[in-house]
Amino acid sequence: EALGSSCLWINRCCCAFVDVTLPGASGLDLAHWLRDRVPQLPIVLTSGLEGVWCLAALEPVRYMTKPFGLQQIAQALDWSSTCLLHSAQEGREVAS
């Protein structure tokens, strides 16, 4: 239900931070759900576990291992902006 209602705001996002191990759900499933709906949306997968990154074949995607600080978050947001700029230059629909 929450995923269905999120369609109202998903096209306005510039980036999605998704924890791989969500309580009661799969963060990778959420990432794939997002990718299906907004292909150009940059996704940052996070986890405190090592070695889970090979499970996600998503582009554009960035991986961050917990714990991370403000500098890593700022770098991920810069990366997200770059991804969206490249999408716009390639003529793909960009989230507004």
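Structure shown above.
Each value, and the rule that gives it
Residues numbered from 1 in each chain as written. Predicted model: local features only at pLDDT ≥ 70, side-chain atom pairs only at ≥ 80, totals over all residues. Heavy atoms only, no water. Helix = DSSP H or I, 4+ residues; strand = E, 2+ residues; numbered from the N terminus. Buried < 20%, exposed > 50% of the residue type's maximum accessible area, 1.4 Å probe, protein only. Contact = heavy atoms within 4.5 Å. Areas by Shrake-Rupley, 256 points an atom, 1.4 Å probe, with all protein chains shown as cover. Core = buried A, V, L, I, M, F, W, Y, C linked by side-chain atoms within 4.5 Å. Pairing = 2+ DSSP bridges. Right-handed = clockwise from strand over helix to strand, strands pointing away. Disulfide = S-S within 2.5 Å.

Student: Give a description of the overall build of the chain that names residues and reports values.
Tutor: From N to C terminus, the chain includes 3 helices and 3 strands. Secondary structure elements of the chain occur, N-terminal to C-terminal, as α-β-α-β-β-α. Per-residue burial for the chain yields a buried fraction of 38% across its 96 residues. When contacts within the chain are restricted to residue pairs at least 6 apart in sequence, long-range pairs at least 24 apart make up 52% of them. Carbon and sulfur atoms make up 57% of the accessible area of the chain, which amounts to about 5,900 Å² in all.

Student: Give a detailed account of the environment of Pro42, specifying residues and quantitative values.
Tutor: Inspection of the secondary structure puts Pro42 in the loop between helix H2 (27-37) and strand E2 (43-47). Note on Pro42: relative accessible area 0%, which makes it buried. For the pair Pro42 and Cys14, spaced 28 residues apart in sequence, the C-alpha to C-alpha distance is 7.1 Å. Contacts of Pro42, omitting those with residues within four sequence positions, involve Cys14, Cys15, Ala16, Pro60, Trp79, Ser80, Cys83 and Leu84.

Student: Which residues make up the nonpolar core, and what values go with them?
Tutor: The biggest cluster of nonpolar side chains holds 13 residues, and the ones touching the most others in it are Ala16, Val18, Leu34, Leu41, Ile43 and Leu45. Secondary-structure elements contributing two or more residues to this core are strand E1 (16-19), H2 and E2. The element that contributes the greatest number of residues to this core is H2, accounting for 4 residues. Core analysis: the next-biggest nonpolar cluster, separate from the first, contains 6 residues, Cys15, Val44, Met64 and Ala76 among them.

Student: So what's going on with unusual backbone geometry? Residues and values would help.
Tutor: The peptide bond linking Lys66 to Pro67 adopts the cis configuration, its omega dihedral lying at -5°. Looking at where Pro67 falls in the secondary structure, it is placed in the loop between strand E3 (61-65) and helix H3 (70-89).

Student: Before we move on, could you go through the pairing of E2 and cite the residues and values that matter?
Tutor: The element E2 is largely enclosed, with a buried count of 5 among its 5 residues. The two faces of E2 match: Ile43, Leu45 and Ser47 on one face and Val44 and Thr46 on the other face are all buried. Direction of pairing for E1 relative to E2: parallel, over a ladder of 4 bridges. Looking across to E2, one finds that Asp19 is bridged to Thr46. Handedness of the crossover joining E1 and E2 through H2 is recorded here as right-handed.

Student: An account of the state of the cysteines is requested, with residue identities and associated values reported.
Tutor: Considering all chains together, one arrives at 0 disulfides under this definition. Of the cysteine sulfurs around Cys83, a residue in no disulfide, the closest is that of Cys15, at 8.3 Å.

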